[in-house]
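Each chain is listed here by its residues.
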Amino acid sequence: MNPRLDTLHPYPFEKLRALLNEAGAPPEGLAPINLSIGEPKHAAPARVGEALCNSLQGLSVYPATKGDAVLRQTIAQWLAHRYSIPAPDADREVLPVLGSREALFAFTQTVVDPAANALVVCPNPFYQIYEGAALLAGGTPYYVNADPARDFGCDWDSVPADVWKRTQMVFVCSPGNPAGNVMSLDEWRVLFDLSDRYGFVIASDECYSEIYFDEGNPPLGGLQAARRLGRDDYANLVAFSSLSKRSNVPGMRSGFVAGDAKLIGRFLLYRTYHGSAMSPVIAAASVAAWTDEAHVADNRHQYRAKFEAVVPILQRVLDVRMPQASFYLWVPTPGSDVSFARNLYGRTGVTVLPGSFLGREAHGINPGAGRIRIALVAPLAQCVEAAERIAHFVQTSA
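Our subject in this report is the structure included herewith. (Residues numbered from 1 in each chain as written. Predicted model: local features only at pLDDT ≥ 70, side-chain atom pairs only at ≥ 80, totals over all residues. Heavy atoms only, no water.)

Further remarks concern a nonpolar patch on the surface. On the surface, a cluster of nonpolar side chains totalling about 360 Å² of accessible area is made up of M1, L5 and L8. Among the structural elements, M1 can be located in the segment before α1 (12-23). (Patch = residues over 30% accessible without salt bridge, like charges linked within 9 Å, V, L, I, M, F, W, Y side chains within 5 Å. Areas by Shrake-Rupley, 256 points an atom, 1.4 Å probe, with all protein chains shown as cover. Salt bridge = Lys/Arg side-chain N within 4 Å of Asp/Glu carboxyl O. Helix = DSSP H or I, 4+ residues; strand = E, 2+ residues; numbered from the N terminus.)

Quick look at the structure:
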């Protein structure tokens, strides 16, 4: 067996299941409410289902590894419209993938040279695929702790030069998971300058890009930042996006990578052997999703209503702030985040994720400790009910 498998940490939700078993069953008469996992629960767009049903003939052919040409062109046009940039070259700079999770993992295997004592820089806390992908590629993760003073962004200048010299890849996530922070143009400038100096690749995870609260100020994307800074070839940059959160279709497994044509070309070579081509049926449904913004605006409206209802309730007892984007609240707890989550479930039936499960001990601390992540994915009424239960729990636990 591959010995690198033994380096993997338990997934956060494995740890959460064990924790909830410790808590025991919640009181009778309280329906459980799960706000721990970022799985969208809003209805999928009808047009996507219709496109699926109308494209079943695609089941009779092998899909192309490079992806459907119409879908690639559609994605290029969506990027141009969303980020006010020239449309990327659909033939060389865009590649459909089976969701951003699959692509983030596979791309890491393409980039990392394990013989070079490689480091992979990750934000901390982080989406656990970053770490697992680095470890299984033969790299070593280096964690940059989220800084509350930077709205939970990373201080890239704090990374020592000897670390950068060994770094082959940097993961960024904007809007961020778990804090919903958005990278500024100045942050991108710093990271691009470091990439130019040390030669590492930037993997920009942007799966929450379409969940934000100010319709007139959508989050800045990596390709957009590159263009604003004159990096028209997207050198050493690949952006990852997905329909899962944007269009409420996590079961479709559809997304894309876009950016540096040289990197996309090498990734395509890897995928030729990896065997992860998108079905023509899913490609047709994806075109239907990417060419409609009405359902995306409605999706944002539903999330906005939840935040507007939930945040004031929680602010009565906890230091809760609205994120810049995403559907998470990153909430400080009175005392241990693990004890808080366990006792909350045992007394109220509400499930949240301890922040320390999303982070690693690095530079003397686990920056996720003392916080919980609340995913406002349940229906509005359930989110409000959960917030009331959490507030009561905090008040009666003081």
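Strand β9 (residues 328-332) sits mainly inside the fold: 5 of its 5 residues count as buried. Residues Y328, W330 and P332 of β9 are buried on one face, and the alternating residues L329 and V331, pointing to the opposite face, are buried as well. Two strands pair when backbone bridges link them, and β9 and strand β12 (residues 371-375) are joined in this way by 5 bridges, in the antiparallel orientation. Residue L329 lies in a different strand from β12, and its bridge partner there is I374. (Buried < 20%, exposed > 50% of the residue type's maximum accessible area, 1.4 Å probe, protein only. Pairing = 2+ DSSP bridges.)

Attention shifts here to the state of the cysteines. Applying the stated criterion across every chain yields a total of 0 disulfides. Cysteine C122 shares no disulfide, and the gap to the nearest cysteine sulfur, in C154, comes to 9.7 Å. Looking at C122, the relative accessible area reads 0%, which means it is buried. Residue C207 stays outside any disulfide, its sulfur separated by 5.7 Å from that of C173, the closest cysteine. Exposure remark for C207: the relative accessible area of 11% places this residue in the buried category. (Disulfide = S-S within 2.5 Å.)

Turning our eyes to something else, we now look at the packing of aromatic side chains. In the structure shown here, the tally under the stated rule is 19 aromatic pairs. Centre to centre, the rings of W78 and Y83 are 6.1 Å apart; their planes meet at 85°, and the pair counts as edge-to-face. Each member of the pair, W78 as well as Y83, carries the same accessibility label: buried. Aromatic side chains W78 and F256 sit 6.1 Å apart centroid to centroid with 65° between the ring planes, which places their arrangement in the edge-to-face category. Of the two residues, W78 sits in helix α3 (residues 69-83) while F256 sits in strand β8 (residues 255-259), which places them 178 residues apart along the sequence. Note on accessibility: W78 and F256 belong to one class, buried. Through a chain of ring-to-ring contacts, three or more aromatic side chains come together here, namely W78, Y83, F256 and W290. (Phe/Tyr/Trp six-rings, centres within 6.5 Å; stacked < 30°, edge-to-face > 60°.)

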